[in-house]
Amino acid sequence: MKTVFFQKIQRTTKKFNLNTQQLRADLILDLKVLAEMAHEQATKTTQGSKRTKQHQKWAHLAAYISRSINMIAKEYDTGKIKEKLEELRKLVDEELGEGNTEA
């Protein structure tokens with residue numbers, strides 16, 4: 001009985017690890033797309049080559065998303081990953097939210 005119990009725990013742990021690894025990989029891929037989009041907006045030239053406040057907001061978002069990707073790549077605590085994603089959502093809302101008509 002001990003052996004069966006132990007094997008079941010090992011299988012469950014392995015399944016959890018595979019699921020969380022896949023979840024983290026998917027999150028990272030999604031965030032990389034967002035980082036590229038933000039970087040594109042930050043480096044887009046409008047109004048000549050003058051940097052605008054909008055460019056700065058996009059650059060800030062691109063940098064924050066990149067830091068989020070690094071954290072998710074290293075972090076195994078799903079609670080901390082959720083917190084980081086919520087922080088990112090709030091930052092996007094502050095920088096580009098409905099109240100911001102320049103976005």
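Residues numbered from 1 in each chain as written. Predicted model: local features only at pLDDT ≥ 70, side-chain atom pairs only at ≥ 80, totals over all residues. Heavy atoms only, no water.

**What to know about the environment of L29**
And then number 1: Relative to the helices and strands, L29 is located in helix α1 (residues 2-43).
And then number 2: Note on L29: relative accessible area 53%, which makes it exposed. (Helix = DSSP H or I, 4+ residues; strand = E, 2+ residues; numbered from the N terminus. Buried < 20%, exposed > 50% of the residue type's maximum accessible area, 1.4 Å probe, protein only.)

**Description of helix α3 (residues 78-96)**
And then number 1: Between the first and last C-alpha of α3 there are 26 Å, a value that for 19 residues agrees with the 27 Å anticipated at 1.5 Å per step.
And then number 2: For α3, the N-terminal capping position is held by D77, with its side-chain oxygen 2.8 Å away from the main-chain nitrogen of G79. (Expected span 1.5 Å × (residues − 1). Polar contact = N/O pair within 3.5 Å; in protein donor to acceptor, adjacent residues only side chain to side chain.)

**Topic: the pattern of salt bridges**
Close approach of charged atoms allows side chains of opposite charge to pair.
And then number 1: For the structure shown, the criterion picks out one salt bridge.
And then number 2: Notably, a salt bridge pairs E86 with R89, separated by 2.7 Å at the nearest N-O pair. Of the two residues, E86 and R89 are both situated in helix α3; the distance of three residues between them amounts to about one turn of the helix.
And then number 3: The class of E86 is partly exposed, set by a relative accessible area of 33%.
And then number 4: Residue R89 is classed as partly exposed on the basis of its relative accessible area of 45%. (Salt bridge = Lys/Arg side-chain N within 4 Å of Asp/Glu carboxyl O.)

**Some words on helix α2 (residues 53-74)**
Each α-helix turn comprises 3.6 residues. Residues three or four places apart therefore point the same way.
And then number 1: In a regular helix each residue adds 1.5 Å, so 22 residues correspond to 32 Å; α2 covers 32 Å between its end C-alpha atoms and thus fits that length.
And then number 2: For α2, the complete set of buried residues consists of Q54, H55, K57, W58, L61, A62, Y64, I65, S68, I69 and I72.

**Description of the nonpolar core**
And then number 1: Among the nonpolar cores identified, the biggest contains 17 residues, and L31, W58, L61, I65 and I69 are the most heavily contacted of them.
And then number 2: Listing elements by their share of this core, those giving two or more residues are α1, α2 and α3.
And then number 3: With seven residues, the single largest contributor to this core is α2.
And then number 4: In contact with L31, other than residues within four places in its own chain, are I65, S68, I69, I72, L85 and L88. (Core = buried A, V, L, I, M, F, W, Y, C linked by side-chain atoms within 4.5 Å. Contact = heavy atoms within 4.5 Å.)

**Comments concerning the side chain of K84**
And then number 1: Mapping K84 onto the fold places it in helix α3.
And then number 2: With no salt bridge to any partner, buried K84 finds its closest opposite charge in E87, at an N-O distance of 4.0 Å. (Lys, Arg positive; Asp, Glu negative; His and termini not counted.)

**Details of the side chain of E95**
And then number 1: Checked against the element boundaries, E95 lands in helix α3.
And then number 2: Despite its burial, E95 pairs with no opposite charge, the nearest such side chain being K57 at 4.5 Å.
And then number 3: Of the polar contacts made by the side chain of E95, one reaches the side chain of H60; its length is 3.4 Å.

**Considerations on the confidence of the model for the protein**
And then number 1: Here the protein averages 82 in pLDDT, and 83% of its residues register 70 or above.
And then number 2: Taking the mean pLDDT of every element in the protein, the minimum, 83, falls on α1 and the maximum, 91, on α2. (pLDDT = per-residue confidence, 0-100.)

**Brief notes about a nonpolar patch on the surface**
And then number 1: A cluster of nonpolar side chains, contributed by V33, L34 and M37, occupies part of the molecular surface with about 270 Å² of accessible area.
And then number 2: Its place among the elements puts M37 in helix α1. (Patch = residues over 30% accessible without salt bridge, like charges linked within 9 Å, V, L, I, M, F, W, Y side chains within 5 Å. Areas by Shrake-Rupley, 256 points an atom, 1.4 Å probe, with all protein chains shown as cover.)

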